[in-house]
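# Observations on the three-dimensional arrangement
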Amino acid sequence: MGLGLLCVIWLITLLSSYFFIAKKWWLPVGASASAAAIDHQFAVTYVIVGVVFVVAQMALGFLVWKYRADGSTGRAGYSHGSTKLEILWTTLTIILFVGLNLIGSPIWAAERFRPAVDGATRVEVTGMQFAWYFRYPGPDGKFGATRPELEDPSAGGEGALGLDPKDPSSKDDVVTGVMEVPVDREVELILRAHDVIHSFFVPALRFKQDAVPGLAIHMHFTPIQIGTYEIACAELCGLGHYKMHGVVKVVSQNEFDQWLAAREADKQ
Amino acid sequence: MVAQEFHGEHGAPQGFIRKYVFSLDHKVIGIQYYFLALVAVFVGMFLSLLMRIHLIWPAASLPLLGEIKPETYLSLLTMHGTIMVFFVLTTAPQSGFGNYFLPIQIGAPDMAFPVLNMLSFWTTFVAFVVMVSAFLVTGGAPLHGWTGYAPLSALQSAGPGEGLGADLWIISIAIFCVASLMGALNFITTTLDMRARGMTLMRMPLTCWAWFITAILGLLAFGVLLSAGILLLMDRNFGTSFFVPLGTINGQLTGHRGGSPLLWQHLFWFFGHPEVYIAILPGMGVASQILSTFSRKPIFGYRAMVYAMLSIGLLGFMVWGHHMFMSGMSPYSAFAFSVMTMAIGVPSAIKTFNWLGTLWHGRIRFSAPMLFAIGFVSLFVSGGLSGPFLAQPVLDIQLHDTWFVPGHFHLIMGVAAIFGIFGATYYWFPKMFGRMMSETIAKWHFWFSFIGTYAIFMPMHYLGMAGHPRRYSQLTEVAYLAPLMPVQKFITYAAFVTIAGQFIFVWNLFSSMRSGKKAVDNPWEATTLEWTVATPPPHDNFGGHTPVVHNGPYEYGVPGAARDYVMQTDPALVAAH
Amino acid sequence: MAALSPTIAPPESVTSRGGRDNRPPVPGGGDGDPGDHRRDDFASRLRRSRLAFVVAVVPISMLFVSFTSAYIVRQGLPTLDRSGNLLVHDWFPVPLPTALFLINTGVLLASSVTLERARRQFARRVALQPLHSIPGISMGTSRDFPWLALTIVLGFAFLAGQGLAWRRLAAEGFFVASGPSSSFVYLLTGTHAVHLFCGIVALLVVASAVLWRRSLESPCILVDITAWYWHFMALLWIYILALLEFAG
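Attention here is on the structure that accompanies the text.

Conventions and cut-offs
- Residues numbered from 1 in each chain as written.
- Chains lettered and ligands numbered in written order.
- Predicted model: local features only at pLDDT ≥ 70, side-chain atom pairs only at ≥ 80, totals over all residues.
- Pairing = 2+ DSSP bridges.
- Helix = DSSP H or I, 4+ residues; strand = E, 2+ residues; numbered from the N terminus.
- Axes fitted to C-alpha atoms, helices over the stretch in contact; angles between N-to-C directions.
- Contact = placed C-beta atoms within 7 Å.
- Buried ≥ 20, exposed ≤ 12 C-beta atoms within 10 Å, placed from the backbone.
- Nonpolar A, V, L, I, M, F, W, Y, C, P; charged D, E, K, R; others polar.

## Here's the deal with the sheet that holds strand β10 (residues 245–251) of chain A
Residue and element names in this part refer to chain A. Reading across the sheet, the five strands line up as β4-β10-β9-β6-β7 and stay open at both edges, with mixed pairing between neighbours. Each of the sheet's edge strands pairs with one partner strand only, and the pair in question is β4 (179–182) and β7 (207–211). Going across the sheet, the axis of each strand differs from the next one's by a mean of 20 degrees, ignoring polarity. Here strand β6 (residues 198–202) pairs with β7 via five bridges, running antiparallel. Bridge pairing in β7 places Phe-200 opposite Gln-209. In the packing of helix α5 (residues 253–267) onto the sheet, contacts are made with β4 and β10, and the angle to β4 comes to roughly 135 degrees.

## Concerning the sheet that holds strand β3 (residues 174–176) of chain A
Residues and elements named next belong to chain A. Here five strands make up an open sheet; going across it, the order is β3-β2-β1-β5-β8 and the pairing mixed. Two strands in the sheet have a free side with no partner beyond their single neighbour: β3 and β8 (217–221). The sheet shows a mean angle of 25 degrees between the axes of neighbouring strands, taken without regard to direction. Against the sheet, α5 makes contact with β2 (131–136) and β3, and its axis sits at roughly 115 degrees relative to β3, the strand it touches most.

## Observations concerning the environment of Thr-72 of chain B
All names here are of chain B. Mapped onto the elements, Thr-72 comes out in helix α3 (residues 70–89). Residue class for Thr-72 comes out buried when judged on the 22 C-beta atoms lying within 10 Å of it. Thr-72 sits 327 residues away from Leu-399 along the chain, and the two C-alpha atoms are 25 Å apart.

## Focus on the interface of chain A and chain C
Interface extent is often summarised as the accessible area lost during association of the parts. Taken residue by residue, the interface counts eight residues in chain A and six residues in chain C. Looking at the side of chain A that touches chain C residue by residue, the classes come out as five nonpolar, two polar and one charged.

## Quick look at the interface of chain B and chain A
At the junction of the two partners, chain B supplies 97 residues and chain A supplies 89 residues. With 15 residues, helix α10 (residues 331–359) of chain B is the single largest residue contributor to the side of chain B that touches chain A. Among the residues forming the side of chain B that touches chain A, the class breakdown is 61 nonpolar, 27 polar and nine charged.

## Examining unusual backbone geometry
Following Gln-129 of chain A, the chain continues into Phe-130 of chain A via a peptide bond in cis, with omega recorded as -5 degrees. Topologically, Phe-130 of chain A is positioned in the loop between β1 (121–128) and β2. Put simply, Thr-535 of chain B and Pro-536 of chain B share a cis peptide bond, and its omega is -15 degrees. The phi dihedral of Asp-184 of chain A falls on the positive side, at around 60 degrees, and the residue is not glycine. With 13 C-beta atoms counted inside 10 Å, the residue Asp-184 of chain A sits in the partly exposed group.

In structure tokens form, the structure reads like this:
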């Protein structure tokens, strides 16, 4: 039985480690500026945790095999422990765990402790059961007022957001169902929700943030690779949670300018 | 049960109702809790089976139940989580085994307040009935997840099941809070006031320490959950706006304004994080107990184990924000919570080292309890080590609300803690029922469960890394999920096999109760007080006399002693420690 | 048997006997080992119940701590206004029926005093009870002042007063859902009232136990811990009132 346990534990350990190392189902390609640092922190964590995982499981398997009672009449080694060992492994564990956290902290600080830079592409993202809408401020650079009484999801676009036609700033706001942004330029997002909590998650951009009703949350990211990336809602929001998806299209600055200009022209 | 002359408050009861229904005997109450949890776990498992089937065959039509709609999937998910966390993991390890064995292991004739004990069981039972009744009302059970985030849980029109079903869910949880607090009161008072002579705190078995600390956690946490439930009920039914801001749902104004969804999260997780330690600590105590017994060695580092459990309890109240990194909470708070979270990994690691130290130089006997204790250690290591990923906010950006999270918590709560329950069952069954369970069937149960649960829950980490969000009823709408379907299929097939394996446990349990081999008083040659009493124990546990304790709880393999184990009531060891 | 000082403790000799000696246990004991009786005599039961009360204070406090933190958070919380672009504070204070609350406070404090009297009265009666069985001893037939009954009356008076306060608030137009601070007024006072009502129920149980002339020991223990619970409820009420008046 000891041998059986050792074999099964070691096998499970090696098999699961293999799939982590082979990265068969893994992070998508990182299309934002923060991806490199985040992926690196993943790698560091995997190496450290992976070593601990393998060593601990292998040790467990080894110990239950080696110290099996095998009919010899000898007794177990009598010991109540070792204070020295306790201090040693406690200290090492503290250093390892807290150190790992502190290594990753500057990345978090860079992502979240500062507001977006001036000149970022501003997009307001609104989640509602069960769709994402995106709003651009238009040539006046201001987001128009919205009023909850005017919100009408069946109308789509401006109607769904409840754009107030009386506010002059709202006339030039562009509302789309697809988010288009220029590459290599910081994007400032303002996240809102109308009804329940949703979450704006784009795995390829290493970006996630909950959209909370009653709040307008400012975030930023910088796309560095042209392409089309899927958005998946990442906070349970009702029966349509599984199909509340959208698309972020990262295009060249030129293409973006043309696209936006065409949309703004439609609004005149 | 042997009628026993006893000068206490209550002699042995007569009559079926007093003996088995409204019993005041902590042993009967413990068994009642255990069987409630057994029913609950099969309900919860059935719900998860339906979930797994729907995920890989969304259009399938099941016999009797028909097609499972997306909202039904979410109701299954909500009730699965709620029933498992409350009625299984907070019930069997603590109220089940703790009720039965805490008094005996500390040398007491019963819990401090037997009437309160009886009431706390029946209150729990009522809570369970109310919870299950949510399935039967118009709209069905709620779909807001066991975490019940507002405003989804606060708006009756947010989805099917969010009407009466959600109210019943809250009421059930509120009743459960009261029942738990009654139990915690009993456990703490009993541990502090009713230990036998010589049973100092530092001579208590680690199971008793675990039950004691778990009760303290419950005492501090359940009041907060109750408060959150009251506020939510008020938002839902009395028009208040604790959690709901100005907004619309389906184009209709909700009628609320000014509330904060994040307030719910803070209150819920202030309870919710200690709750997961409530779920695992008794299992840790049982693992320590079994590993020591079956290695024939004292637990390595008894004091360190006690301090580790105390640290886990204390730190457990300081980390709740790690569930909220992506919530819109301040990023500075996130940093603080993440440092505390990494810190709480330390005492858990210490316990693991000490378990390995217990095995080292042991004389390991591979009886069924030991297999599950060893399995506990392996699963706890696996589940625990995915923690450092989620504890770092910068990595949590990618992993929050993906399948990585259920992978993490199922390995610890949904398997390791369950292995603690299994281990405790196999270990204490002989004392409780006077018979031995079948070792052969038990071994099959172990292999099915150990391999099966790894097969189910390890692949979930890969899904999370690939960005598969959780609580999706199907994978058909988001394109990047399509390549992950083979993994989901594998998990479902593994679940079929593993769930099937649990039936052999139930078979073993009931057939052994009826016709298992008769057990001697101390079949495992163990040292703690429950093994000094008759099998099953008499009504007042110790047959009229109070034990006097001279030794620590884990004196195995003492050099120079006549046997390889010295019981706690045996004459004091020459080498006092 | 036990001396009735404010803290009732079992005689020293019982707890310290044999604590450190290494004599093996007497098998099949129960022959006068005081350890057995130690568990179930009046003093031990009282001590255990008081310990349980101290433990019970914790979750009740946590409930109100949780409400308090929700109160403070909600008060300071900015929320998006109707235009969706501005963060505003929507907290406005509620005009409290302060005079009425102060009268109720007085009633509650008075009931604390009467219950404390009742508690001591019971303790004295339990201590003197053994004397009743000695022939030739007369304890007199003067009836004791009904402190317990008075407490129950005052308790109901307090609840009635709270009901009146609610009526006053509603008359001013402040209902449960009228605004955030209004919700909290009803929530805090209502939860406190429910807890106090549970105390009244306990006192009614004591009263009926006494009327049915069972042993006085159990009712005495119940009165004792209910009295401590009641004093705690009085303190809690003062805290709630202060929170609403000064932090509202």
